[in-house]
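# Fold and contact review
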Amino acid sequence: MGTITGMRVVRTSLDTAARLFLDWSHDPLWRAQVRRMDVEPPGRAVTGQRIVEELRFAGLTFVTPTRVERAGPTFAQYRGGGATVTVSGSRRLEARPDGVVALVATLDVRLRGPLRPLTGLLIPSYRRLQEDDLDRLAAILGDGVPDDDLTSSRSRPASGDHR
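Just so it is clear, the model here is predicted, and its values are computed rather than measured.

### Examining the confidence of the model for the protein
Taken over all residues, the pLDDT of the protein has a mean of 85, while the share at 70 or more is 87%. Taken element by element, the predicted model of the protein shows its lowest mean pLDDT in helix α4 (residues 147-153) (45) and its highest in strand β5 (residues 75-81) (97). Here residues 146-163 scores under 50 on pLDDT; set against residues more than four positions off or in separate chains, the count is 31 contacts.

Right, dumping it as structure tokens:
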């Protein structure tokens, strides 16, 4: 589909933002289409971490095995895919003055096989989806995220639209 980059600036600590944004097991809290997210080993992104994401988009279910290729305290780069889609991208945090943090998500999505001709039609929808997801993430971080909410999200399945 192409590369999509989104950014939100939130008044929060770098550590709080990293606990949510760099730990894929929390994605069901803020990514509306995510149905399941398996992360091994659990926790924040580390080089070599395996992620299996199941999401529903455009009436289709996509299961995407992914691996974190590089990670540090404020970033993660990943790559993965399957028979119908390949993905790569990064999540990055930037500490800014006055206690704000920029959350930057870059995603490159490529449809494969029989879905490939739909690529051009679906990118505007996926871009809006990522923007909505980042809005939800910014709202959650702006409201503050209690530690017990993050701990319990690891064991709770996604429940559909989180708006």
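### A look at the pattern of salt bridges
In total, this model carries 14 salt bridges according to the counting rule given. Across the pair Arg31 and Glu53 runs a salt bridge, and its minimum N-O distance is 2.6 Å. Linking Arg31 in the loop between α2 (27-30) and β2 (34-40) with Glu53 in strand β3 (residues 50-57), this pair joins segments that are 22 residues apart in sequence. Side by side, Arg31 and Glu53 carry an identical accessibility label, which is buried.

### Looking at the nonpolar core
Ranked by internal contacts, the top residues of the largest apolar core, which has 38 residues, are Phe21, Trp24, Leu93, Leu103, Tyr126 and Leu137. Here this core gets eight residues from one element, more than from any other, and that element is helix α3 (residues 119-143).

### Overview of the sheet that holds strand β7 (residues 100-111)
With respect to topology, seven strands assemble into an open sheet ordered β1-β7-β6-β5-β4-β3-β2, the strand pairing being antiparallel. The sheet is open, and its two borders are formed by β1 (2-11) and β2, each paired with just one other strand. In this sheet, adjacent strand axes meet at a mean angle of 20 degrees when their direction is disregarded.

### Some points on the side chain of Thr106
Inspection of the secondary structure puts Thr106 in strand β7. At 3.4 Å, the side chain of Thr106 forms a polar contact with the side chain of Thr5. Ignoring any residue separated from it by four or fewer positions in sequence, one finds Thr106 in contact with Thr3, Ile4, Thr5, Tyr78, Ser88, Gly89 and Ser90.

### Focus: the side chain of Thr12
Mapped onto the secondary structure, Thr12 falls in the loop between β1 and α1 (14-21). A residue is classified by how much of its surface remains accessible, and Thr12, at 16% relative accessible area, is buried. Among residues more than four places away in sequence, those in contact with Thr12 are Ala17, Gly99, Val100, Val101 and Leu141.

Basis of the calculations
Here, residues in each chain are numbered from 1, in the same order as that chain's written sequence. This being a predicted model, a pLDDT of at least 70 is required before a residue's local features are given, and a value of 80 or more before pairs of side-chain atoms are given or counted; all residues contribute to the totals for chains, interfaces and linings. Only hydrogens and water are set aside; all other atoms, that is, all heavy atoms of the structure, feed into the side-chain values. Confidence of the predictor in every single residue is expressed as pLDDT, which spans 0 to 100. Per the convention used, a helix needs a DSSP run of H or I reaching at least four residues, while a strand needs a run of E reaching at least two, with both numbered from the N terminus. In this description, contact between two residues means that some pair of their heavy atoms is separated by no more than 4.5 Å. What makes a salt bridge here is a side-chain nitrogen of Lys or Arg within 4 Å of a carboxyl oxygen of Asp or Glu, nothing more. Three exposure classes are used, based on accessible area relative to the maximum for each residue type with a 1.4 Å probe and protein chains only: buried under 20%, partly exposed in between, and exposed over 50%. In these notes, a set of buried Ala, Val, Leu, Ile, Met, Phe, Trp, Tyr and Cys residues joined through side-chain atoms within 4.5 Å is what counts as a nonpolar core. DSSP calls a pair of strands paired once it identifies at least 2 bridges connecting them. Think of each axis as a best-fit line through the C-alpha atoms, taken over the contacting stretch in the case of a helix, with angles from 0 to 180 degrees between the N-to-C directions. Whenever two N or O atoms come within 3.5 Å, that pair is a polar contact, provided that in protein one can donate a hydrogen and the other can accept it, and provided that, for residues adjacent in sequence, both atoms are side-chain atoms.

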